[in-house]
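# Coordinate inspection notes
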Amino acid sequence: MPSIQCTTVASIIIDDIVLWDGRTYMGTLGGAGSYAVVGMRTWNDAPLGLVGYLGDDAPEPFVAHLQRLGVSPNGLVHRTGLPTPRAWQLFEADGKRTQVFRTSLSEFVANQVRFDELNDELKQSHGFHVQRGGSIEEVTCLVRQLKAANPSTVVVIEPVDAFLDLDRAAWAPLLRACDVFLPNLEEAATLTGETSLANMATALLDWGSDRVVIRMAEQGIWVQDRQGSRWRVPAVPTQVVDVTGAGNAFCGGLLAGVVEGLPFLETALRGLVGASFAIEQVGVPETLVPGSPEAIRRLEWARQRVRDMNP
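I will try to describe carefully the structure that is included in this document. This one's a predicted model, so the numbers in the text were calculated from it and none came from an experiment.

Rules used throughout
- Residues numbered from 1 in each chain as written.
- Predicted model: local features only at pLDDT ≥ 70, side-chain atom pairs only at ≥ 80, totals over all residues.
- Heavy atoms only, no water.
- Axes fitted to C-alpha atoms, helices over the stretch in contact; angles between N-to-C directions.
- Helix = DSSP H or I, 4+ residues; strand = E, 2+ residues; numbered from the N terminus.
- Left-handed = near helix turned anticlockwise from the far one by under 90°.
- Contact = heavy atoms within 4.5 Å.
- Nonpolar A, V, L, I, M, F, W, Y, C, P; charged D, E, K, R; others polar.
- Buried < 20%, exposed > 50% of the residue type's maximum accessible area, 1.4 Å probe, protein only.
- Phe/Tyr/Trp six-rings, centres within 6.5 Å; stacked < 30°, edge-to-face > 60°.
- Lys NZ or Arg CZ within 6 Å of the ring centre and 35° of its normal.

Here we come to the packing of helix α7 (residues 185–192) against helix α8 (residues 197–207). At a minimum axis distance of 10 Å, the contact between α7 and α8 shows a crossing angle of 65°. In this structure, α7 meets α8 at a crossing whose hand is left-handed. Residues Leu185, Ala188, Ala189, Leu191 and Thr192 of α7 form the contact with α8, whose own contacting residues are Leu197, Met200, Ala203, Leu204 and Trp207. Within the contact of α7 with α8, the residues separate by chemical class into nine nonpolar, one polar and no charged.

One non-glycine residue, Ala217, adopts positive backbone phi at about 55°. As for its placement among the helices and strands, Ala217 is situated in the loop between β11 (211–215) and β12 (221–225). For Ala217, a relative accessible area of 59% puts it in the exposed group.

Here the structure, examined in full by the defined rule, presents four aromatic pairs. Look at Phe163 and Trp171: their rings are 6.2 Å apart centre to centre, the planes differ by 75°, and that puts the pair in the edge-to-face class. When sorted by exposure, Phe163 lands in the same class as Trp171, which is buried. Members of the aromatic cluster, each reached through a chain of ring pairs, are Tyr53, Phe101 and Phe108. Over the ring of Phe264 we find Arg211, and its NZ or CZ is 5.6 Å from the ring centre. Taking NZ or CZ as reference, Arg270 lies 5.1 Å from the ring centre of Trp43, over its face.

In short, geometric facts, not functional conclusions.
Now the structure itself:
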């Protein structure tokens, strides 16, 4: 059996989705980790790792759902005596989403799965997507532990809101430790204080990143590396049903490309395709075929629309 190549260290959450038109979808599989799996599975056909915890009330269909997507059970930790993290996902007509935790956010952060709870197979993953709360020092330590366990692994970082008010000195160790930094537009603007995409990315590269992708939802992505390459690519068009998790799926798709050893721009295009599959239904897709003809078609669409933004 192939070994795990892509692992997400993030979260599993019970989403209670409320749309602007009054429709509700309660008890839906969610969380950054679940959606990152969508992007990874879009391209990677090996077993996938998802590191997160479930409480005593975890819906039984969740695990079966993840297994259908090829997730190994080895990263799922049961926390006895705790509820599964649960949150409202409230949507406005313009697509704006507000997340409100229904269970204790501090309890959720305190009970995230630790490095020493990972089994050896997970520690040897070729690549990791990390979106994690706590302190930025703890996240930096985790990244260093992952790289110490497997020096050839790559780590892509998706920030959390709690870190956005931290300064360059706090961020620099984490950005130097990871391989790709993946903020969304609002996060990049808040962190850097810049207004142009090029200046935001340049600032984050100056802080220590080697490669940066700024995710802009329906506006697509800005891609920039330390060597001075800059590209802008539009979002892949599809029927948008539920935008929850699109950014996480982008990160998972990009990671799959990085693990494959593809050029940086190609990894970002794979992220766009992964995100497009995440938003076509409410919640996480039930199944995905890695490298499907439709995924290839969408990839080619994105390739044809890359804009070279080098000055």
